[in-house]
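# Examination of the molecular architecture
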Amino acid sequence: EDQVTQSPEALRLQEGESSSLNCSYTVSGLRGLFWYRQDPGKGPEFLFTLYSAGEEKEKERLKATLTKKESFLHITAPKPEDSATYLCAVQAGTSGNTPLVFGKGTRLSVIA
Amino acid sequence: DTGVSQDPRHKITKRGQNVTFRCDPISEHNRLYWYRQTLGQGPEFLTYFQNEAQLEKSRLLSDRFSAERPKGSFSTLEIQRTEQGDSAMYLCASSPILGQREAGYRYNEQFFGPGTRLTVL
């Protein structure tokens, strides 16, 4: 069974204090690994897709990396507006567009 | 804005009542997904469509749940005889198929709507 585990469950940072979120996965045939941001009461907002080990993607203060067993979301010099829950999901199988399997997320709080 | 839209955003109902939610996907996206999310959890897959065909249903989708996508456009999710355990956020997502390029989307990226928050009293 495909599984995604995110750690830590919650993270509190001072503004400007860089850190990383972890997403460990077990999947039969990874087709893609996805990062989403979710604000309270809203739907997940797409951030990145990673397809193969060694791949990296960047967007503003966020950088996502992928290995064969885990992915990291690095946050550099975070600001209070980066506070949100960050969700990791995997897509498995040999055909495209199969359902995503999500982790429980990491709740990030950035304090000014 | 041509993002995924959902209606209503909030629904409060009494146990035993039927409810129906609507999802309008991104224009020309062929695949449409329904997920459910409870507090402190990630979204869990319920069902998905390619055009009007329902291709997969999760074991979470009991007989009280039914989904349709007539004409391959919008979709509805109906819950009959609601129970308190049905209280959750119901999320809809859409995705282009292989070969589609819409404003730079890759074919297996799923884009979510704002969700419908259901509270069953």
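Residues numbered from 1 in each chain as written. Chains lettered and ligands numbered in written order. Predicted model: local features only at pLDDT ≥ 70, side-chain atom pairs only at ≥ 80, totals over all residues. Heavy atoms only, no water.

## Overview of the sheet that holds strand E1 (residues 3-7) of chain A
All names here are of chain A. Spatial strand order, E1-E3-E8-E7-E6: 5 strands in an open sheet with antiparallel pairing. Looking at strand neighbours, the two that pair on one side only are E1 and strand E6 (56-59), the edges of this open sheet. When strand polarity is set aside, the average angle formed by the axes of neighbouring strands in this sheet is 15°. Bridge count for E6 against strand E7 (residues 62-66) is 4 bridges, and the pairing is antiparallel. (Pairing = 2+ DSSP bridges. Helix = DSSP H or I, 4+ residues; strand = E, 2+ residues; numbered from the N terminus. Axes fitted to C-alpha atoms, helices over the stretch in contact; angles between N-to-C directions.)

## Thoughts on the nonpolar core
Counting residues in hydrophobic clusters, the biggest one holds 35 residues, and the most contacted among them are Tyr36 and Phe102 of chain A together with Phe21, Trp34, Tyr35, Leu77 and Tyr90 of chain B. Element by element, the count of residues in this core is highest for strand E9 (residues 88-95) of chain B, at 6 residues. Those residues in contact with Tyr36 of chain A that sit more than four places away from it in its chain are Pro44, Glu45, Phe46, Leu47, Thr85, Tyr86, Leu87, Leu100 and Phe102 of chain A together with Gln110 and Phe112 of chain B. Of all hydrophobic cores here, the second largest spans 22 residues; its members include Leu21, Leu33, Trp35 and Leu62 of chain A. (Core = buried A, V, L, I, M, F, W, Y, C linked by side-chain atoms within 4.5 Å. Buried < 20%, exposed > 50% of the residue type's maximum accessible area, 1.4 Å probe, protein only. Contact = heavy atoms within 4.5 Å.)

## What to know about the interface of chain B and chain A
Each partner contributes residues to the interface: chain B has 27 residues there, and chain A has 21 residues. Of the roughly 1900 Å² buried between chain B and chain A, counting both surfaces, carbon and sulfur atoms make up 49%. Counting every contact that joins chain B to chain A gives 0 salt bridges. The interface formed by chain B and chain A contains 5 residue pairs in polar contact (both at pLDDT 80 or more). Per-element tally for the side of chain B that touches chain A: the top contributor is strand E4 (residues 31-37) of chain B, with 4 residues. A breakdown of the residues in the side of chain B that touches chain A according to their chemical character gives 14 nonpolar, 8 polar and 5 charged. (Buried area = accessible area lost by both parts, 1.4 Å probe. Salt bridge = Lys/Arg side-chain N within 4 Å of Asp/Glu carboxyl O. Polar contact = N/O pair within 3.5 Å; in protein donor to acceptor, adjacent residues only side chain to side chain. Nonpolar A, V, L, I, M, F, W, Y, C, P; charged D, E, K, R; others polar.)

Don't take any of this as a statement about function, it's just geometry.
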